[in-house]
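Chains, contacts and geometry: an overview
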Amino acid sequence: MEFFLGHYNYWVVVFLMMLGFYVVVSRSHMVKVLVGLTVFQTSVFIFYISLGKIRGGTAPVLVDEPVLYSNPLTSVLILTAIVVAIATTALGLAIVVRINEAYGTVDEEEIDAIERAEEVGAPEPH
Amino acid sequence: MTDLVDVALLALLALTGISLLVLRNLFAVVILSGIYSLLSAGLFVTMDAPDVAFTESAVGVGVATVLMLGALTLVGHEEKKPTRTRILPLAVVVVTGAVLIYGTLDLPPFGDPGNPIHQHVVPRYLEQMPEEIEVDNVVSAVLASYRGYDTMGETTVIFTAGLGVLLLLSGIRRRSRGKEGAAE
Amino acid sequence: MSHNIILRIATKVVVPFILIFALYVQFHGDYGPGGGFQAGVILAAGFVLYALVYGLENVKRVLPPSIPFACMAIGVLLYSGTGVVAILNGATFLDYDVLASDAIHGQHRGILWVELGVITTVFGTMVSIFYAVAGRRGVE
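From a predicted model like this one, the values you see are computed outputs, not experimental measurements. Think of each chain on its own: its residues are numbered from 1, step by step along the sequence as written. Each chain is given a letter, starting from A, and each ligand a number, starting from 1, according to the order in which they appear as written. Side-chain atom pairs in this predicted model are given and counted only at pLDDT of 80 or more, local residue features only at pLDDT of at least 70, and totals for whole chains, interfaces and linings cover all residues.

**What about the overall build of chain B?**
- What chain B contains, in helices and strands, is eight helices and zero strands.
- Counted from the first residue to the last, chain B has its helices and strands arranged as α-α-α-α-α-α-α-α.
- Taken against the 2.2 N^0.38 rule, which gives 16 Å for 184 residues, the C-alpha radius of gyration of chain B at 22 Å runs more than 25% over that of a compact globule.
- With the C-alpha coordinates aligned to their principal axes, the bounding extent of chain B is approximately 75 × 40 × 30 Å.
- Out of the 184 residues belonging to chain B, those deemed buried represent 40%.
- Once C-beta atoms are placed from the backbone, any two residues with those atoms within 7 Å are in contact. For chain B, restricting intrachain contacts to residue pairs at least 6 apart in sequence, the fraction spanning at least 24 positions comes to 43%. For helices the rule is a DSSP run of H or I covering at least 4 residues; for strands it is a run of E covering at least 2, with both sets numbered from the N terminus onward. With C-alpha atoms as the basis for the radius of gyration, the globule rule is written as 2.2 Å multiplied by the number of residues raised to the power 0.38. Think of it as a crowd count around each C-beta: if 20 or more other C-beta atoms lie within 10 Å the residue is buried, if 12 or fewer it is exposed, and in between it is partly exposed, with C-beta placed from the backbone throughout.

Put into C-alpha cells, the structure is as follows:
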C-alpha cells in the first residue's frame, strides 16, 4: 500500500505520456499530431514537478520562520521547457500552414497519395 | 487532503486525454488541449510550483489555444475516419508503456524528503542564496543568476522560433501544387 | 453588431488591467512567483485579446508590426549585453557581482536587466507569431 501510494503518481503520468505518444504515432491529421505532442510534453512536465515535491513542504519563496521548501530546481528546468515547447509548437503550426498551401490538404495519407501519383506521372515524358 | 485533490486532478487529466484521442472535430480537440493545460496548471499549484503553474496557464491555455485555432481556420477542421487498422502503433505504445512502468518501479517514493534529488546542489542554493543574492523568490534567483546561461540559451531559442515563423509565414502565397498537378 | 457590444466594452475595461498586471508580475518576480516569462506572455495576451475583439487592422494601428519584430531582437541584445558589460568591468561573462559597487546590489541590477531582456523577447515573439498566423489569407 505504501508502495502504491508512493508510485501511482508516476504510473498515471506514464499513462498520459503513452496517450500523447499514441496520438502522435497513429493519427494522420497534422494538427492533431501537434496536439498529441503537446499532451506528451505536458505529461513530462508533471513528472518532473512531482519529482521535486516534498510532503509537508511549501513553495520555494523564502519566509522568515524556518520551513521545509520544495525543490526549486525542477521548477526552473520546467519553466525553460514550457517556453521551448510553445516555440516548437508555433513553428510546427507555421510548417503545417505552408504544407496546406502547397498540397491542398494536411492529411498525411492524402499527401502520400499525391506524392506517389506525381512520382508515377513524372518519368513518362521523354 | 491534498492527496485527494491530486488524485482527482490526475483522473480528470486522464479523461481529457482519452476524449482528445477519440474526438474527430478538431475545434473540440484544441479546446480540450487548453482544458488539459489548465488542469495540469492546477496540479502544479498543489505540487508547490506556482511559477510553473503561472507559465503553463498563460502559455498553454492562452497562447497555444489561440495559435492552434488560428491555424485550424486556415487548414480545415475535420479529421478523416481511419482507413487502416492500427495494430502496430498500439503494440509499440503498449511495449513502451510497459518498459517505462518497469523503470518507475525503481524510483524513490513520491514526496520523501530524503530523495537524492534534494541532496546535492539544492541545499547549497537554499542556504547561500540570502547572503549572495538576497532575493526572496528562489526560482527567480536560480533562473536569472545561478543558471543564467540556460536562460540566455532559452531566450535565443524563443527568438529563433519567432524568426522561423516569420520567415515561413510572411511571404507571398503561391498557387498550390495540388491544383497545378490536376490541371496538367 | 449588437451582440458584440458586451465583448467590446468588457475588453475596453479589462485590457489596461491586463497590461498593468503584466508589469506587476515582471517587477515583483523577485519577491513572489513571477518573472520575465510569465510577464511577457501576459503582456502579449492583452494585445491578442484586443485583436480578437476589435480586429487585426485596429490592433496593428495600436502596435505596428515593426515594434514586436524589433522587440524580439532587442531582448536577446539586452541579455547578452549584460554579460558583455560584466566582461568590460573585468569579470567573466554574466558575472553580476561587478555591475555595482557591492556584490548584492550588482546581483539585483543584473537580474533586473536580464529579466527586462526576457520579457521583451517573449512579448515580441508571441505577438509576431500571432500577427503572422492571423494575417495569413485563407484558401481562395
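**A word on the overall build of chain C**
- When helices and strands are counted, chain C shows five helices and zero strands.
- The N-to-C order of helical and strand elements in chain C reads α-α-α-α-α.
- By the compact-globule yardstick of 14 Å for 140 residues, chain C is too spread out, its C-alpha radius of gyration being 18 Å.
- Dimensions of chain C, computed from C-alpha atoms along their principal axes, come out at roughly 60 × 35 × 20 Å.
- Within chain C, buried positions represent 43% of all 140 residues.
- Taking contacts inside chain C between residues at least 6 apart in sequence as the whole, the part at least 24 apart equals 61%.

**Here's the deal with the environment of D6 of chain B**
All names here are of chain B.
- Relative to the elements of secondary structure, D6 occurs in helix α1 (residues 2–22).
- For D6, a count of 20 C-beta atoms within 10 Å gives the class buried.
- Residues D6 and L67, 61 residues apart in the sequence, show an inter-C-alpha distance of 30 Å.
- Those residues in contact with D6 that lie beyond four places of it in its chain are L43 and T46.

**Describing the domain arrangement of chain B**
- Taken domain by domain, chain B consists of domain 1 (1–80) and domain 2 (116–170).
- Using only C-alpha atoms to locate each centre, domain 1 of chain B and domain 2 of chain B end up separated by 25 Å. Those domain boundaries reflect an automatic or database domain assignment.

**Things to note about the interface of chain A and chain B**
- Of the residues lining the interface, 74 residues belong to chain A; the matching set on chain B comes to 80 residues.
- Of all the secondary structure elements, the ones that give two or more residues to the side of chain A that touches chain B are α1 (2–26), α2 (30–52), α3 (72–103) and α4 (108–121) of chain A.
- The element contributing the most residues to the side of chain A that touches chain B is α3 of chain A, with 26 residues.
- For the side of chain A that touches chain B, the residue count by class is 47 nonpolar, 19 polar and eight charged. Each residue receives one of three labels: charged for Asp, Glu, Lys and Arg, nonpolar for Ala, Val, Leu, Ile, Met, Phe, Trp, Tyr, Cys and Pro, and polar for the others, Gly being one of them.

**Section: the confidence of the model for chain B**
All names here are of chain B.
- Looking at chain B as a whole, the pLDDT averages 86, with 93% of positions reaching at least 70.
- Across chain B, element-level confidence peaks in helix α2 (residues 26–46) with a mean pLDDT of 94 and bottoms out in helix α8 (residues 177–183) with 43.
- In the predicted structure, residues 177–184 sits below a pLDDT of 50 and forms eight contacts with residues beyond four places in sequence or in another chain. Confidence scores here are pLDDT values: one per residue, from the predictor, ranging 0 to 100.

**Remarks on the interface of chain B and chain C**
- The interface is formed by 39 residues belonging to chain B together with 44 residues belonging to chain C.
- Where the side of chain B that touches chain C is concerned, the elements lending two or more residues are α3 (50–75), α6 (138–146) and α7 (148–169) of chain B.
- Across the side of chain B that touches chain C, the residue classes break down as 21 nonpolar, 13 polar and five charged.

**Some remarks on helix α2 (residues 36–54) of chain C**
Residue and element names in this part refer to chain C.
- Relative to the 27 Å expected for 19 residues at 1.5 Å per residue, α2 spans 27 Å between its end C-alpha atoms, a close match to the ideal helical length.
- When you tally the buried positions in α2, you get 15 out of 19 residues, the bulk of the element.
- Following α2 by one or two positions, G55 has its phi on the positive side, about 100°. One less than the number of residues in a helix, times 1.5 Å, gives the span that helix is expected to have.

**Observations regarding α7 of chain B**
- With 22 residues, α7 of chain B should reach 32 Å at 1.5 Å per residue; the first-to-last C-alpha distance of 32 Å fits that figure.
- Among all positions in α7 of chain B, only G148, T151, M152, E154, T155, I158, F159, A161, G162, V165, L166 and L169 of chain B are buried.
- Residues of α7 of chain B that are buried sit in contact with α3 of chain A, α6 of chain B together with α4 (66–88) and α5 (103–134) of chain C.

**Observations regarding the packing of α3 of chain A against α6 of chain B**
- Every angle, taken between N-to-C directions, lies between 0 and 180 degrees, and every axis is a line fitted to C-alpha atoms, over only the stretch in contact when it is a helix. Two numbers describe how α3 of chain A lies on α6 of chain B: the axes approach to 9 Å, and their chain directions differ by 55°. Looking at the two axes, α3 of chain A sits oblique to α6 of chain B. Considering only the axes of α3 of chain A and α6 of chain B, their crossing is right-handed. Every residue of α6 of chain B that contacts α3 of chain A at P72, L73, S75, V76 and L79 of chain A is listed here: V138, V139, V142 and L143 of chain B.
- Its residues placed into classes, the contact of α3 of chain A with α6 of chain B shows eight nonpolar, one polar and no charged. Should an angle fall under 35 degrees it is taken as roughly parallel, and over 145 as roughly antiparallel, whereas 65 to 115 is taken as roughly perpendicular and any remaining angle as oblique. By convention the crossing between two helices is left-handed if the near helix lies anticlockwise of the far one by an angle smaller than a right angle, and right-handed if it lies clockwise.

**So, the packing of α1 of chain A against α1 of chain B**
- With their axes 10 Å apart at the nearest point, α1 of chain A and α1 of chain B run at an angle of 15° to one another. On the basis of their axis angle, the class for α1 of chain A and α1 of chain B is roughly parallel. Once α1 of chain A is placed against α1 of chain B, the crossing between them reads as left-handed. Mapping the contact onto sequence places V12, F15, L16, L19, Y22 and V23 of chain A in α1 of chain A and L10, L13, A14, G17, I18 and L21 of chain B in α1 of chain B.
- Class assignment for the residues of the contact of α1 of chain A with α1 of chain B results in eleven nonpolar, one polar and no charged.

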